[in-house]
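# Observations on chain architecture
As a plain string of letters, each chain reads:
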2 protein chains.
Amino acid sequence: MSNSSALEKLSSNKAFGGDLVKYKFKSAALGGLDANFNLFLPSVSENSKVPVLVYLSGLTCTEDNGAQKGNFLGHAAQEGIALLFPDTSPRGAAIQGEDADWDFGTGAGFYLNATKPEWSKFYNMRTHVTLELPQVLEAAGLPLDFTRQSVFGHSMGGHGALTLYLSSSTKQYRSASAFAPICNPVNAPWGKKAFEGYLQGGTEEAKEQYDATELIERHKDSVHILVDYGTSDNFYKSGQLLPENFLTAARGSGYDEMQVRVREQEGYDHSYFFISTFAEDHIHFHANFLKA
Amino acid sequence: MSNSSALEKLSSNKAFGGDLVKYKFKSAALGGLDANFNLFLPSVSENSKVPVLVYLSGLTCTEDNGAQKGNFLGHAAQEGIALLFPDTSPRGAAIQGEDADWDFGTGAGFYLNATKPEWSKFYNMRTHVTLELPQVLEAAGLPLDFTRQSVFGHSMGGHGALTLYLSSSTKQYRSASAFAPICNPVNAPWGKKAFEGYLQGGTEEAKEQYDATELIERHKDSVHILVDYGTSDNFYKSGQLLPENFLTAARGSGYDEMQVRVREQEGYDHSYFFISTFAEDHIHFHANFLKA
């Protein structure tokens, strides 16, 4: 990977005593394209480095949705935790078909590294999130302690959070949580479409590291996972999320409620109103491990 | 005013144990055009009528901005208060010039009743908010207690909140608060443009009931008002808001800190990040009076 460029500050907003800053840089992981992200620094970061909670957003979203609608900033400020909001895909790669569908290509990077030749130069959101952003932020001298990282996300970003957490050989993240995650994408339409599109080996290749249910089935070490989903979520009802498969696999691997907690929330849907309702729970869940 | 039509439910999202519902109806006050609004009902409304806090949004906004980004729903749920989010203007009146500027016409109704003939059939947001919406909601049998109402808002909506509160002969609202309100529009560019555009008597006519500073100067009864504005707010810095004028007039009328509290918030700007930071304060401020 060639060098990524230095950060350019696009905007800054004070919030809950801290600062939400939007940055841009030329991303080597994303083929040299400009990449945006938001970073929330709580006021306590003026005095010491703070732990980092990465929020991965869902299909069609950008770095802004979670920052604007997630109800995360106030709770993170209270806990003294930074929030990092990456984008959901490269922007402007100009690959044929990139903008044909809302659930594939732009806005739908699925937090993987593409292996099909036409996509692999640009679609490397996994490297972008796990390696590039920490490197770029550390190089910029921001007051972040990347030895204390956790990850959470929504829908496709919940898939990202669970799979990045469970497939990390270095235990990069201390805990993972998700709102309405795509839990078993190799058995769901969105996932199959993405994997067949981005990966040379298609859905079979995805089983190695891009399916949370497959991963938890093979996992041995202790984990800290929280999942919430709503019973009125149309994507849950149409079989895109499959949290039951994840839960069954987790219990089959011997993980109990203390390690893998999957909560069914009566009447909630797939929207940010659902996320904002349980945001406080998730921030406090991660704080347990980030501040331990 | 001819009859408004019955409510049509457009969407519903569960949030914080309650429900955020978007409705549409044909608004007589707005010349028979379709009007949208959002209503948040806390779960306690299943058992008894709840008080109503009206949120008036700013220039270019719709009924959605406050509901999605304001950080109000969770705190209102906790206090057992309903939130009513009207739109900011009629939509689709097709008046010449209506869509020429972002700060006049569509999205910029200024919570007044227009008196210029070309605008007066449609641009009656004052009647829409103060009379029509309560009537339509009561007729629909929703569990709202309109004898307990308060009002708050942002920017142009802060102007709306302060002026509807201070000019109500019936003491319709128990308290008013505002984020970065336009406090003295007869002396500010946005206000002058709106008043010259909508009112036959222009800015002079506006002094009667559409300028918070003018109104508090003449006001006699006790009031409950909270205002927050940020020192990094570009619209404050360019003289659109003029909170000092409002504060000076209030003190001149003998209102002390207990009745009119104006807080300068260091480093905050005009955005919803500022609003969301102080949302909890404002909801609790109104709860004091709505639940008394």
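In the annotation of an unreviewed UniProt entry, chain A is listed under the name Carbohydrate esterase family 1 protein and assigned to Artomyces pyxidatus.

### Brief notes about the pairing of strand E8 (residues 225-230) of chain B
Residues and elements named next belong to chain B. Along E8, six of the six residues are buried, which leaves the element largely enclosed by surrounding structure. The alternating pattern of E8 places Ile225, Val227 and Tyr229 and Leu226, Asp228 and Gly230 on opposite faces, both of which are buried. As judged from the four bridges shared by strand E7 (residues 176-179) and E8, these two strands associate in the parallel manner. Considered in E8, the bridge of Ser177 is made with Leu226. Note: E8 against strand E9 (residues 260-265), six bridges, orientation parallel. Considered in E9, the bridge of Ile225 is made with Val260.

### What about the pattern of salt bridges?
With the rule as written, the count across this model stands at 32 salt bridges over all chains. Two residues, Glu257 of chain B and Arg261 of chain B, come together in a salt bridge whose shortest N-O distance is 3.4 Å. Residue classification places Glu257 of chain B among the partly exposed positions, given a relative accessible area of 44%. Each of Lys22, Glu63 and Asp64 of chain A takes part in a single network of salt bridges with overlapping partners.

### Let's talk about the interface of chain B and chain A
On the side of chain A, 21 residues touch chain B, which itself brings 21 residues to the contact. Together, the buried faces of chain B and chain A total about 1,700 Å²; carbon and sulfur atoms form 55% of this surface. For the chain B face of the interface with chain A, the top three residues by lost area are Lys14, Phe16 and Phe273 of chain B, together amounting to 39%. Between chain B and chain A we count 12 residue pairs in polar contact (both at pLDDT 80 or more) in total.

### A word on the packing of helix H6 (residues 189-198) of chain B against helix H7 (residues 202-209) of chain B
All names here are of chain B. Across the interface, H6 lies against H7 with an axial gap of 8 Å and an inter-helix angle of 105 degrees. Relative to H7, the element H6 lies roughly perpendicular. On the side of H6, the interface is formed by Lys192, Phe195 and Glu196, while H7 contributes Gly202, Thr203 and Ala206. Residue composition of the contact of H6 with H7, by class: two nonpolar, two polar and two charged.

### Focus on the relation of the copies chain B and chain A
Superposing chain B onto chain A takes a rotation of 180 degrees plus a shift of 0.0 Å along the axis, which leaves an RMSD of 0.0 Å. Both chain copies can therefore be described as sitting about a two-fold axis. No C-alpha of chain B lies nearer the rotation axis than that of Lys69 of chain B, which sits 2.6 Å from it. Here 100% of the interface residues in chain B have copies in chain A that are interface residues too; the copies meet face to matching face.

### Focus: the sheet that holds strand E9 (residues 260-265) of chain A
Residues and elements named next belong to chain A. Read across the open sheet, the nine strands follow the order E1-E2-E3-E5-E4-E6-E7-E8-E9; overall the sheet is mixed. Where the open sheet ends on each side, the last strands, each with one partner, are strand E1 (8-15) and E9. Averaged over all adjacent pairs, the angle separating strand axes in this sheet is 20 degrees, with direction ignored. In terms of strand pairing, strand E4 (residues 50-56) meets strand E6 (residues 144-154) through six bridges, oriented parallel.

### Overview of the sheet that holds strand E5 (residues 82-86) of chain B
All names here are of chain B. Strand order in the open sheet made by the nine strands is E1-E2-E3-E5-E4-E6-E7-E8-E9, with mixed pairing throughout. Each having just a single partner strand, strand E1 (8-15) and E9 make up the two edges of the open sheet. The sheet shows a mean angle of 20 degrees between the axes of neighbouring strands, direction not considered. Strands strand E4 (50-56), strand E6 (144-154), E7 and E8 of the sheet are contacted by helix H5 (residues 156-167), whose axis makes an angle of about 135 degrees with E6. Strand contacts of helix H10 (residues 243-252): E8 and E9, with the helix running at about 150 degrees to E9, the strand carrying the most contacts.

### Describing the layout of surface pockets
Roughly 630 Å³ of internal volume is contained in the largest pocket. In this structure, the largest pocket is lined by 42 residues; those nearest its centre are Lys69, Ser271, Tyr272 and Phe273 of chain A together with Gln68 of chain B. Mapped by element, the contributors of at least two residues to the lining of the largest pocket are helix H1 (65-69), helix H2 (73-79) and helix H11 (272-290) of chain A together with E1, strand E2 (18-27), helix H1 (65-69), helix H2 (73-79) and helix H11 (272-290) of chain B. Counting residues per element, the lining of the largest pocket draws most heavily on H1 of chain A, which supplies four residues. If you add up the space inside the second largest pocket, you get close to 510 Å³. Around the second largest pocket sit 19 residues that line it, and Asn71, His75 and Glu280 of chain A together with His75 and Glu280 of chain B are the ones nearest its centre. Taken together, the elements giving at least two residues each to the lining of the second largest pocket come down to H2 and H11 of chain A together with H2 and H11 of chain B. Of all the elements, H11 of chain A adds the most residues to the lining of the second largest pocket, at five residues. Among the residues making up the lining of the second largest pocket, the classes are represented as four nonpolar, 12 polar and three charged.

### As for the confidence of the model for chain A
Averaged over all residues, the pLDDT of chain A equals 97, while 99% of them reach at least 70. Interface scoring of the predicted complex returns ipTM 0.93; its pTM is 0.95.

### Focus: the packing of aromatic side chains
Per the counting criterion, the structure on display carries 46 aromatic pairs over all chains. Seen in terms of ring centroids, Tyr229 of chain B and Tyr236 of chain B are 4.8 Å apart; in terms of plane orientation they differ by 45 degrees. Their pairing is tilted. Tyr229 of chain B sits in the buried class, given a relative accessible area of 6%. Cluster of aromatic residues (ring-pair linked, three or more members): Tyr55, Phe72, Phe85, Phe152, Phe179, Tyr268, Phe274 and Phe278 of chain A.

How each quantity is defined
- Residues numbered from 1 in each chain as written.
- Chains lettered and ligands numbered in written order.
- Predicted model: local features only at pLDDT ≥ 70, side-chain atom pairs only at ≥ 80, totals over all residues.
- Heavy atoms only, no water.
- Buried < 20%, exposed > 50% of the residue type's maximum accessible area, 1.4 Å probe, protein only.
- Helix = DSSP H or I, 4+ residues; strand = E, 2+ residues; numbered from the N terminus.
- Pairing = 2+ DSSP bridges.
- Salt bridge = Lys/Arg side-chain N within 4 Å of Asp/Glu carboxyl O.
- Contact = heavy atoms within 4.5 Å.
- Buried area = accessible area lost by both parts, 1.4 Å probe.
- Polar contact = N/O pair within 3.5 Å; in protein donor to acceptor, adjacent residues only side chain to side chain.
- Axes fitted to C-alpha atoms, helices over the stretch in contact; angles between N-to-C directions.
- Parallel < 35°, antiparallel > 145°, perpendicular 65-115°, else oblique.
- Nonpolar A, V, L, I, M, F, W, Y, C, P; charged D, E, K, R; others polar.
- Least-squares fit on C-alpha atoms with pLDDT ≥ 70 in both.
- 1 Å grid on protein atoms, 1.4 Å probe; cavity = no way out; pocket = protein on both sides within 12 Å on 5 of 7 lines; lining within 4 Å.
- Points joined across faces, edges and corners; volume = space filled by probe spheres on them.
- pLDDT = per-residue confidence, 0-100.
- Phe/Tyr/Trp six-rings, centres within 6.5 Å; stacked < 30°, edge-to-face > 60°.

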